[in-house]
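# What the coordinates show
As a plain string of letters, each chain reads:
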Amino acid sequence: MNRVKPLVWALIGASDIAATRMVPAIRRVGDSIASVISADKSHAETYAIRNGILRHHWDLQTALDDPAVDAVYISSRNDQHYFQTLSSLAAGKHVLCEKPVATVLSDALEMQAAAEASGLVLAVNHHLPAAGTHRKIREMVTAGSIGKPLSINVRHSTLLPERLRSWRLSNSPGAGVVMDLSCHNASVVNPLLEGQVPLDVVASAVSHGPWGTSDIEDACSSSIHYEGEVLVDFQDSFTMPFTPSYLRINGEAGSILGHDVMTPEPLGTVVLSDSTGTREVPVSDRRHTYDITLLRFHEAVQEGARPIVDGVDAANNLAICLSILEAASSGKRQPVNHVRR
């Protein structure tokens, strides 16, 4: 790709993921950061100093009025994504928004419509579909390496780091394991089953509660029925430090196991089992997922390419999560409000 120029970013949200993941990635791909915005003035200042960012603001519009800024990265609380995205697009800025794109499906669709109307890019930072491992798995499924997919199992288990045990464990909109981890699973499974719509969901969610202060769900099991009679199971948890995470696709002619691939790091293996035996499949692209996401964002801004995950993709990931939460709450099967392109 021949980039016209590096992008200049404003960070909306002085977040952990921005500091630990996106600031390094933005700089690795040759871009720069003009400013960071936080409603907490003291936090904005200390965050800017700690991360080598020249300017900090506590007023969103002040940052958006900067003519040097090409794009914004939004990593605020999930319920703030909607307003901040619409404000950024209205100011003429391209947007890379953290997942989930919103907490209400109609908001997500309005965000995408606003991007289309303005001619600007709205991408959502679901990083897993960018990974070389996941791209290899999609290539294998598309090529018919395992025949028709019949079921998919996703285990996404971790121990939530202590530094992240704040709003994710609160009763605020967008908190809990489903919005945090199940949305990642959906971002992986939907493109694997491209053209096959999720129909309905059954689910159970619990609070294992080692934190002692929250009744928000920190573990969830869900089963999603897709068109073509494909059954998809998610097992998600904030409370299991020793449980491996994986993606398995089971087909009529074989199965694919992506071991340790539910991570932003360029890790994991891809193993194919079929009538000829079991063997590891080489994965050549081991670039960081956030770097790949940012480079595709450049292509979207400068060449009109589709981002790794756009607003429609993200809305459909959100739709699955909302149905999981409703199914777990009601104890009843819930339809998925999938949006067709």
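Anything mentioned here points back to the structure above.
Let us look at the structure shown here. (Residues numbered from 1 in each chain as written. Predicted model: local features only at pLDDT ≥ 70, side-chain atom pairs only at ≥ 80, totals over all residues. Heavy atoms only, no water.)

With that settled, consider the side chain of Ser 255. Its location among the elements puts Ser 255 in strand β12 (residues 254-259). Within polar-contact distance, the side chain of Ser 255 engages the side chain of Arg 248 at 3.3 Å. (Helix = DSSP H or I, 4+ residues; strand = E, 2+ residues; numbered from the N terminus. Polar contact = N/O pair within 3.5 Å; in protein donor to acceptor, adjacent residues only side chain to side chain.)

As a further point, take the pairing of strand β1 (residues 8-12). Burial analysis of β1 places five of its five residues in the buried class, the great majority of the element. A two-sided burial pattern is seen for β1, the buried positions comprising Val 8, Ala 10 and Ile 12 on one face and Trp 9 and Leu 11 on the other. Bridge analysis of β1 against strand β2 (residues 32-37) gives five bridges, and the strand direction is parallel. Note on β2: the bridge partner recorded for Ile 12 is Ile 37. As a crossover connection, the stretch from β1 through helix α1 (residues 16-28) into β2 is right-handed. Both β1 and strand β4 (residues 71-74) contribute to a ladder of four bridges, which runs parallel. Considered in β4, the bridge of Ile 12 is made with Ile 74. (Buried < 20%, exposed > 50% of the residue type's maximum accessible area, 1.4 Å probe, protein only. Pairing = 2+ DSSP bridges. Right-handed = clockwise from strand over helix to strand, strands pointing away.)

Sheet analysis places strand β13 (residues 269-274) next to strand β14 (residues 277-281), joined by five bridges and oriented antiparallel. Bridge assignment links Val 270 to a residue of β14, and that residue is Val 281. Hairpin connection, β13 to β14: the antiparallel pair is bridged by two residues.

Taking strand neighbours across the sheet as the criterion, the nine strands line up as β14-β13-β12-β11-β7-β10-β9-β8-β15 in an open arrangement whose pairing is mixed. Across the chains shown, the open sheet's two edge strands, defined by having one partner strand only, are β14 and β15 (334-335). Pairing of strand β8 (residues 198-206) with β15, which is carried by two bridges, proceeds in the antiparallel orientation. Each residue of the ladder has a partner; that of Val 201, found in β15, is Gln 334. Docked against the sheet, helix α9 (residues 311-330) engages β8, β9 (219-226), β10 (230-237) and β15, running at close to 55° with respect to β8. (Contact = heavy atoms within 4.5 Å. Axes fitted to C-alpha atoms, helices over the stretch in contact; angles between N-to-C directions.)

By the secondary structure assignment, His 338 is in the segment after β15. Given a relative accessible area of 26%, His 338 falls into the partly exposed group. Sequence-wise, His 338 and His 127 are 211 residues apart; in three dimensions their C-alpha atoms are separated by 21 Å. In contact with His 338, other than residues within four places in its own chain, are Val 197, Pro 198 and Asn 316. A polar side-chain atom of His 338 sits 3.5 Å from a polar atom in the side chain of Asn 316.

Working definition: two side chains of opposite charge can pair if their charged atoms are close together. The full count for this structure, using the stated rule, is 18 salt bridges. In this structure, Asp 291 engages Arg 28 in a salt bridge whose closest nitrogen and oxygen atoms are separated by 2.7 Å. Taken as a pair, Asp 291 in helix α8 (residues 289-303) and Arg 28 in helix α1 lie far apart in primary sequence, 263 residues in all. Overall, Arg 28 belongs to the partly exposed group, its relative accessible area being 46%. A salt bridge links Asp 285 to Arg 135; the shortest N-O distance between them is 2.7 Å. (Salt bridge = Lys/Arg side-chain N within 4 Å of Asp/Glu carboxyl O.)

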